[in-house]
Structures are given as structure tokens and as C-alpha cells.
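One-letter residues, chain by chain:
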Amino acid sequence: MTFRTRFSPAPTGFLHVGSARSALFCWLAARHDDGEVLLRVEDTNAELYRPEYLDNLRWTLDWLGLEFDGETLFQSRRADRYREVIQHLVDSGRAYGCDCTTEVVKERTKGSGYDGHCRDRGLVPGPGVAARFRVPDDGATEFDDIVRGHVRFEHSAIDDFVVQRADGSAVFFVPNAVDDLDTEITHVVRGDDLLNTTPKVLLIRRALPGGDEFPEPTYAHLPMIVNEARKKLSKRRDDVAVEDYRDRGYLPEAMSNYLAVLGWGPPDGIEIRPREEIVQLFRLEDVVSSSAFFDKQKLDHFNAQYLRQLSPAAVIDAAQTWLPPELGPELNALAPHIQERARTLQEFGEMAAFLVGDEVKIDESSWAKGVEKLSAAAGILDSATKAYSEAAWVPETLHTVTQTIAEEHGLGLSKAQSPIRVAVTGRTVGPPLFESLVALGRDRTLSRIAAARTRLG
RNA sequence: GCCCCCAUCGUCCAGUGGCCUAGGACAUCACCCUUUCAAGGUGGGAACACGGGUUCGAAUCCCGUUGGGGGUGCCA
């Protein structure tokens with residue numbers, strides 16, 4: 001029996017980072033074991049059946065570099081199979097009709113779940129009547145989980161649950177059980193939030209005709225990814241969509257690498273490494289059981305590392321959407337310097353922005369700190385104008401010349417370069433000044449210094 | 001309420017009864033380097049939730065407490 005798992009997201013319009021991590025771990029486990037990962041779209045609910053949702057899912061997974069084996073399975077296309085299974089459940093007495101609405105049940109039991117009200121009313125599931133699974137009164141459902149160990153749920157604590165809605169559609173427990181059986185899934189790797197649904201799925205599977213013809217899958221419930229409040233990432237207050245990260249200039253390799261070390265760690269402690277190595281090292285047995293905080297600072301660090309590993313040409317290429325369209329070849333020589341300072345492609349674009357246009361937008365606090373505060377600023381700007389008009393336009397010469405200006409004003413180069421930097425780049429921080437000046441060109445450097453001088457009065 | 005899960009530095013991982021005066025990484029602080037900012041280098045601070053057992057010996061095993069999370073939908 002070969003290793004076969006599946007990633008089965010409900011299409012919601014965006015890929016949640018928690019789901020992405022599940023997808024990654026499924027993929028890693030499969031590749032490590034030389035097995036297969038299937039993609040299964042859990043769109044049993046009519047609201048989830050939208051083409052654009054699917055497109056989003058597809059490209060996001062693709063962006064992360066996760067390719068799946070075989071055909072994608074759509075639960076929305078297997079309604080007949082589920083209906084047939086549910087019919088069997090009803091015929092064999094494992095499920096029964098129920099017409100209690102959610103509100104009625106809530107009212108009757110004071111919110112403590114379903115009370116088995118329709119168990120013996122003999123209702124036939126159909127339009128307006130849902131089907132509920134009859135959970136045994138005694139006993140328990142148990143299973144082994146690779147990361148949780150042995151888990152046991154007493155049947156007395158599980159309410160009879162709906163398997164078919166009043167509109168005839170199947171509730172996800174059924175497709176889940178049926179599809180895992182039909183596609184001969186050997187390992188189920190998913191989020192911890194689904195741990196409680198496992199006994200229900202197993203109950204159904206064990207009641208299915210042929211339910212024992214293939215060994216039950218081994219489960220691996222992954223720890224949740226949480227926010228600073230230790231709650232699971234919510235769409236409202238957290239950045240949960242992986243597309244958000246792509247849009248902010250994170251590299252898929254960095255994102256994927258970071259996700260891999262959330263809930264798992266390589267034995268040698270080396271976290272940033274090629275995915276092939278992670279595939280080799282990854283074992284579901286080593287996944288930790290406690291929830292993990294999604295640390296953006298650490299993600300930034302990973303991304304910065306990956307950014308620096310790229311060739312300057314590759315970074316420029318990757319950063320296209322964050323770069324001003326008017327930007328030309330002047331960026332080339334400066335790219336290596338910016339690349340070393342940017343943590344994201346977005347930051348890369350921001351740091352290159354000063355190269356565009358004749359004028360530069362001055363950051364006010366930089367102006368106050370780097371220019372106004374320095375009494376020698378005007379003198380330095382004047383000296384620079386003079387010296388830069390004649391100097392050879394290469395970093396070394398500009399460095400020497402500026403050093404001289406600094407000395408003339410009795411300052412260190414560190415202090416003296418600041419008004420020039422603000423005048424030319426608009427900010428007190430940025431890539432090395434002299435390389436920046438060379439990239440910008442003599443004319444624009446001079447005109448920007450002149451503009452700053454004018455403003456200074 | 002009931003059920004399930006979790007518990008080592010601020011954070012993510014090491015640690016699977018003695019190698020732990022608990023290791024690495026991110027973050028943080030200091031110093032070095034330095035044209036700003038980064039990067040890099042060096043060093044510092046920082047954790048086994050608590051209480052009982054078991055054992056010659058416990059971060060590691062067991063029980064309890066506390067704390068946190070998840071579930072308890074005709075969402076998945």
C-alpha cells in the first residue's frame with residue numbers, strides 16, 4: 001500500500017495560511033514517502049460553488065509550488081454517490097428523518113445540542129426533511145493520530161448529527177468519509193480544528209457498505225496557527241490570505257519555507273533551506289502538538305534571506321509589479337545594494353522609488369532630522385554643488401570629494417552626508433549614497449540639491 | 001454546560017529519565033565594522049505554568065490544579 005493523502009479545502013475565495021500550511025504538510029509527507037497527494041475540492045455547499053473561488057485556489061497553490069497528483073475531485077459532482085450512501089444509511093437504520101429546525105432545537109434544549117427528538121418519529125428524509133445519523137448510545141469511537149496519539153470519543157458525548165440537509169445536499173462528513181474510502185486515502189493530514197469531526201466521519205465510514213474493505217486512514221492533526229492573542233487566525237483582524245503576502249512582496253519560497261517550520265523543525269536546527277532538503281527531512285511523526293504563533297517578523301527574516309540569495313537581475317524581475325513603470329536601467333547597478341536592505345519586494349520597490357522623476361518627494365521628518373538640525377547644511381549643499389559639478393561620476397571619487405567637504409566643515413562623513421542624502425533621495429536612510437548618486441546621474445543629483453538649497457533659504 | 005486538544009526563553013523549534021549550570025533561530029540589548037540604513041562579526045539578558053507522585057535521579061513518566069485553544073451548525 002502506497003502513501004496517499006489529500007488536501008481538501010473548501011473554496012472560500014482565498015487560501016487561508018492555515019490551509020496553506022496543511023496543504024504544504026500533506027505535500028511534504030507525500031513527497032517524502034514517495035506517495036501521492038490528491039486535491040479534493042469540498043464544495044458541497046451551494047455557496048461554495050463558484051468558478052472564481054476555484055481559480056483563486058488554483059493559482060495560490062500553484063504560487064506556493066504545490067502540485068497535486070491525478071485529477072482534482074469535486075464533491076459537487078458526486079452528489080449521486082453521496083445520496084446513494086445516505087439512502088443506505090437510512091435503509092439500514094443508521095440514519096433517520098428529522099424536521100427540526102436549528103432554532104427549534106436550540107429553543108428546546110437550551111443550546112445544549114440535539115436531543116434525538118425525531119429518532120422514532122419515522123420521518124422519511126426528503127424535501128424539507130433532513131437526515132440525521134443515529135449515534136450509538138453506548139461505546140466510543142477511537143483512533144490513532146500521528147501527532148495526538150490515541151484519541152477516544154464517548155458516543156454519549158456526540159449528538160445525532162445531520163448528514164443530509166433538507167434540500168437534499170450532503171453535509172461534509174459524508175463526502176469526507178466516502179471520498180477517503182473511494183480514493184483509498186491512507187493518511188489524512190489536516191488542521192486540529194477538525195479533530196472533533198473525526199469520530200463522526202469514522203462512524204459513517206464504518207456504517208458504509210464496503211467500509212471495511214480498505215484500511216482506515218491514519219490521521220495526523222496539525223496544530224493550529226494562531227495570532228498574538230493565541231486565537232486562530234481570523235479574517236477580520238489578521239492577514240490570513242496567502243495572496244496578501246504575495247501582494248506585499250513575499251517570495252513563495254520564503255513563505256513556504258517559513259510555513260514548514262511552523263509546527264515542525266528539522267533535526268539539525270537549520271531552518272532556512274531548500275525545499276528538496278525539507279522533503280527529505282520531513283516526518284509527520286516530528287510535527288509538534290502545540291499551536292504556533294504566526295510571526296511576521298520571522299517571516300520577514302526568511303524573506304530577506306531568500307531575497308539576498310537571488311541574483312540582482314532576478315530580483316528586479318521578481319519586483320516588477322512593485323517598481324515604478326518609468327524606471328529604467330539606472331536601477332541595475334544599485335539593485336545589489338537595495339536587495340541587501342529590503343525584506344520584501346515591496347520594500348525593494350520603495351527603496352528604488354527615488355530614482356524616478358526629476359524631483360524627489362522629501363520625507364518631512366527626514367528633512368528635520370537630516371537637514372534643518374544641521375547648521376552646516378547650507379554650506380555642505382553649496383560645496384557639494386560645486387564639487388559634484390566637476391567630479392568624475394563614479395562612487396570612489398564622490399566618496400573622496402564628499403570626505404573633503406566634510407572635513408572643510410569640521411564634520412565626520414557620517415554627519416556631512418546626511419543633508420545631501422535627504423536632498424537627493426528624500427530620506428535619511430537608504431542604499432549607499434555615492435552609488436545612489438551615480439545611479440541617479442549628475443544632472444538630477446545637482447537639480448535636487450539645488451531644490452533643497454532653495455528650500456533651506 | 002458538555003466533549004476534545006495543548007502547556008520549554010517574548011516567539012518558533014531542540015530536548016523522548018542521567019550528556020541540561022536546558023541548545024539553536026527570530027526578536028531584543030551592547031559592542032565591533034561602517035558614508036545613513038542594512039548586512040556581517042562578537043557578546044548579553046531571557047524559559048521547563050503550579051502541586052503531588054514514580055525513580056537513586058525528571059523538562060522528560062503518571063495524577064491533579066491552573067491557564068490557553070478548538071469543537072459542540074441543515075459551515076467545512
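Before reading further, recall that the structure is shown in the block above.
Just so you know, these numbers come straight off a predicted model, no measurement behind them. (Residues numbered from 1 in each chain as written. Chains lettered and ligands numbered in written order. Predicted model: local features only at pLDDT ≥ 70, side-chain atom pairs only at ≥ 80, totals over all residues. Heavy atoms only, no water.)

Looking at the overall build of chain A
Along the backbone of chain A there are 19 helices and 12 strands. Scaling as 2.2 N^0.38, a compact globule of 457 residues should have a C-alpha radius of gyration of about 23 Å, whereas chain A reaches 31 Å, well beyond that. Dimensions of chain A along its principal axes, counting C-alpha atoms only, are 100 × 45 × 35 Å. The 457 residues of chain A split such that 49% are buried. Restricting the contact set of chain A to residue pairs at least 6 apart, pairs at least 24 apart contribute 76%. A total accessible area of about 21500 Å² is found for chain A, and carbon and sulfur atoms account for 50% of it. Separation between the mean location of the 54 positive side-chain charges and that of the 71 negative ones in chain A comes to 5 Å. (Helix = DSSP H or I, 4+ residues; strand = E, 2+ residues; numbered from the N terminus. Rg over C-alpha atoms; globule rule 2.2 N^0.38 Å. Buried < 20%, exposed > 50% of the residue type's maximum accessible area, 1.4 Å probe, protein only. Contact = heavy atoms within 4.5 Å. Areas by Shrake-Rupley, 256 points an atom, 1.4 Å probe, with all protein chains shown as cover. Lys, Arg positive; Asp, Glu negative; His and termini not counted. Charge placed at Lys NZ, Arg CZ, Asp CG, Glu CD.)

Notes on the nonpolar core
Residues Phe-25, Leu-28, Leu-61, Met-255 and Phe-294 are the most contacted members of the largest nonpolar core, which totals 52 residues. Sorting the residues of this core by element identifies helix H1 (17-32), strand S2 (36-41), helix H2 (51-63), strand S10 (218-222), helix H7 (242-247), helix H8 (252-260), helix H9 (275-281) and helix H10 (296-309) as the ones contributing at least two each. Beyond its immediate stretch of four places on either side in the chain, Met-255 contacts Val-17, Trp-63, Leu-64, Tyr-245, Phe-294 and Leu-299. (Core = buried A, V, L, I, M, F, W, Y, C linked by side-chain atoms within 4.5 Å.)

Examining H8
Of all 9 residues in H8, 8 are buried, a share of seventy percent or more. Residues of H8 that are buried: Pro-252, Ala-254, Met-255, Ser-256, Asn-257, Tyr-258, Leu-259 and Ala-260. Contacts from the buried residues of H8 go to H1, H2, H7, H9, strand S12 (292-293) and H10.

Considerations on the side chain of Thr-198
Of note, Thr-198 is situated in helix H6 (residues 198-207). Given the relative accessible area of 0%, Thr-198 is considered buried. In terms of polar contacts, Thr-198 uses its side chain to reach the backbone carbonyl oxygen of Leu-194, at 3.3 Å. Among residues more than four places away in sequence, those in contact with Thr-198 are Phe-143, Arg-190, Tyr-219 and His-221. (Polar contact = N/O pair within 3.5 Å; in protein donor to acceptor, adjacent residues only side chain to side chain.)

A word on the pattern of salt bridges
By the definition in use, this model includes 35 salt bridges. Note that Arg-4 is salt-bridged to Glu-36, the shortest N-O span being 2.8 Å. Of this pair, Arg-4 sits in strand S1 (residues 4-7) while Glu-36 sits in strand S2, and the two are 32 residues apart along the sequence. Take Glu-36: its relative accessible area is 30%, and that puts it in the partly exposed class. (Salt bridge = Lys/Arg side-chain N within 4 Å of Asp/Glu carboxyl O.)

Section: the packing of aromatic side chains
The relation between two aromatic rings is expressed through the spacing of the ring centres and the mutual angle of the planes. Under the definition given, this model contains 13 aromatic pairs. Counting every residue linked through ring pairs, the aromatic cluster contains Tyr-245, Tyr-250, Tyr-258, Phe-294 and Phe-302. One residue, Arg-248, lies across the ring of Tyr-245, its end atom 5.0 Å from the ring centre. In this arrangement the basic side chain of Arg-455 is found over the ring face of Trp-367, its NZ or CZ atom lying 4.1 Å from the centre. (Phe/Tyr/Trp six-rings, centres within 6.5 Å; stacked < 30°, edge-to-face > 60°. Lys NZ or Arg CZ within 6 Å of the ring centre and 35° of its normal.)

A few points about the environment of Lys-361
Structurally, Lys-361 is set in the loop between helix H13 (345-352) and helix H14 (364-372). Separated by 280 residues in the primary sequence, Lys-361 and Arg-81 have C-alpha atoms spaced 64 Å apart.

None of the figures reported here should be taken as evidence of function without further support.
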